[in-house]
Amino acid sequence: MVSGTQRKYFMLGGKGGVGKTSCAASLAVKFANNGHPTLVVSTDLAHSLSDSFDQDLTGGALVPVQGVDSPLYALEINPEKTREEFRATSQLHGGSGVKDLMGSLGLGMLADQLGELKLGELLDTPPPGLDEAIAISKACIMIDRFSVMQFLESKDYNTFSRIVFDTAPTGHTLRLLSLPDFLDASIGKMMKLKKKIASATSALKSMFNKEEPQRDDASDKLEKLRERMANVRDLFRDSETTEFIIVTIPTVMAVNESSRLCASLKKETIPVRRLIVNQVLPPSTSECKFCVMRRKDQMRALDMITKDPKLASLKIIQAPLVDVEIRGVAGLKFMGDMVWK
């Protein structure tokens, strides 16, 4: 996998507590140790990437990881900073969003009648998944001098040949994956409406020779946001550059959730090829009844995977349960050598 693909973006997701972060971090270490300058990004609000690398990654900036053969940088997205950035982007003409924009055109009453679009709510209060969408679009399009606080379009983006995303648990990830389409449709409706209003307003003003045409900064900002979300959507669905890897554990509940996740990914045309089954117990060689029963339950769950029409088509990779905590570059390398062969 490491040397046999030119794929650049890898997203790991699944049920909470199955070891997504360890798998993502170990994959990043594997890439770096095989000559690929790599960036690993956590979009999970319950950050554990710092714990996996045994380094403080909470500052919202790229941090170099020591002890690997090629450059490896890690980042935990700061959700509050991301929200503040989005709010700043949505401040149209010094207002607080769509309602103020409409009000500035003398159409406040019409804005109230557009509640079904939920555009004011969308721009003033970002829905779940928006943090990750903006973070991913930023990390994949506008990396500048290893600083995510200054996202400017730059050729420095090409510094990384592999980017690994440690995503939030299943429900949040599914909202993230569907968000770009929702935003595209919603902003598209808003822009069409605004163009009609602006055209009519401009015609009236020209009749009375009152004002010169002015640059429409509001539309420019909406269009840029729309383009950014479109880039995220295209990134998700490009099988040449992107792969979503499902991580699970051998329990009935986790397998069922993974099956639903796989179905949702395929419905959204997200390329998914691999299923990591983490924490698999080895056959017991002792009289431990607990170990025997636990192994039996796990085998039942593994059998479910082979019979599941959605999961059976994936490449199944078993990651054994080990007797040490996977932490730090050395531990992640140990795990990566077992999983990412």
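Residues numbered from 1 in each chain as written. Predicted model: local features only at pLDDT ≥ 70, side-chain atom pairs only at ≥ 80, totals over all residues. Heavy atoms only, no water.

As annotated in an unreviewed UniProt entry, the protein chain is ArsA/GET3 Anion-transporting ATPase-like domain-containing protein from Anisodus tanguticus. Turning to the protein chain, the UniProt annotation filed under Catalytic activity (unreviewed entry) states: "ATP + H2O = ADP + phosphate + H(+)". (UniProt positions renumbered as here; feature names shortened; annotations may be inferred.)

Residues L12, F53, L72 and I276 are the most contacted members of the largest nonpolar core, which totals 35 residues. When residues of this core are traced back to their parent elements, those giving at least two are β1 (9-13), α1 (20-33), α2 (49-53), β4 (72-76), β6 (242-248), β8 (315-320) and α12 (328-339). The leading source of residues in this core is α1, at eight residues. Excluding anything up to four places from it in sequence, L72 contacts A28, V29, A32, T38, V40, F53, V63, P64 and V65. The next biggest cluster of nonpolar side chains, apart from the first, holds 30 residues, and it includes C262, V272, L275 and V280. (Core = buried A, V, L, I, M, F, W, Y, C linked by side-chain atoms within 4.5 Å. Buried < 20%, exposed > 50% of the residue type's maximum accessible area, 1.4 Å probe, protein only. Helix = DSSP H or I, 4+ residues; strand = E, 2+ residues; numbered from the N terminus. Contact = heavy atoms within 4.5 Å.)

The next point concerns the packing of α1 against α12. Relative orientation and spacing of two packed helices are given, respectively, by the angle between their axes and the distance between those axes. Running from N to C, α1 and α12 cross one another at 90°; their axes reach a closest spacing of 8 Å. Taken together, the axes of α1 and α12 are roughly perpendicular relative to one another. Contacts between α1 and α12 involve S22, C23, A25, S26, V29, K30 and N33 on the former and, on the latter, V329, L332, K333, M335, G336 and D337. (Axes fitted to C-alpha atoms, helices over the stretch in contact; angles between N-to-C directions. Parallel < 35°, antiparallel > 145°, perpendicular 65-115°, else oblique.)

Once that is clear, we can look at the sheet that holds β4. Taken together, eight strands build an open sheet; the order of strands is β3-β4-β2-β5-β1-β6-β7-β8 and the sheet is mixed. The open sheet is flanked by β3 (63-64) and β8, the only strands paired with a single partner. When β1 meets β6, the two strands line up parallel, connected through five bridges. Looking at β6, one finds that Y9 is bridged to T242. Docked against the sheet, α1 engages β1, β2 (38-42), β4, β5 (162-166), β6 and β7 (272-280), running at close to 170° with respect to β5. Sheet strands in contact with helix α11 (residues 289-307) are β7 and β8, and its direction is about 175° off that of β7. (Pairing = 2+ DSSP bridges.)

Okay, the packing of aromatic side chains next. Considering all chains together, one arrives at two aromatic pairs under this definition. Both rings, one in F10 and one in F31, keep their centres 5.1 Å apart while their planes meet at 45°; by these two values the pair is tilted. Residue F10 is located in strand β1, and its partner F31 is located in helix α1; the two are separated by 21 residues in the primary sequence. Residue classification places F10 among the buried residues on the basis of a relative accessible area of 0%. Both rings, one in Y73 and one in F160, keep their centres 6.0 Å apart while their planes meet at 75°; by these two values the pair is edge-to-face. (Phe/Tyr/Trp six-rings, centres within 6.5 Å; stacked < 30°, edge-to-face > 60°.)

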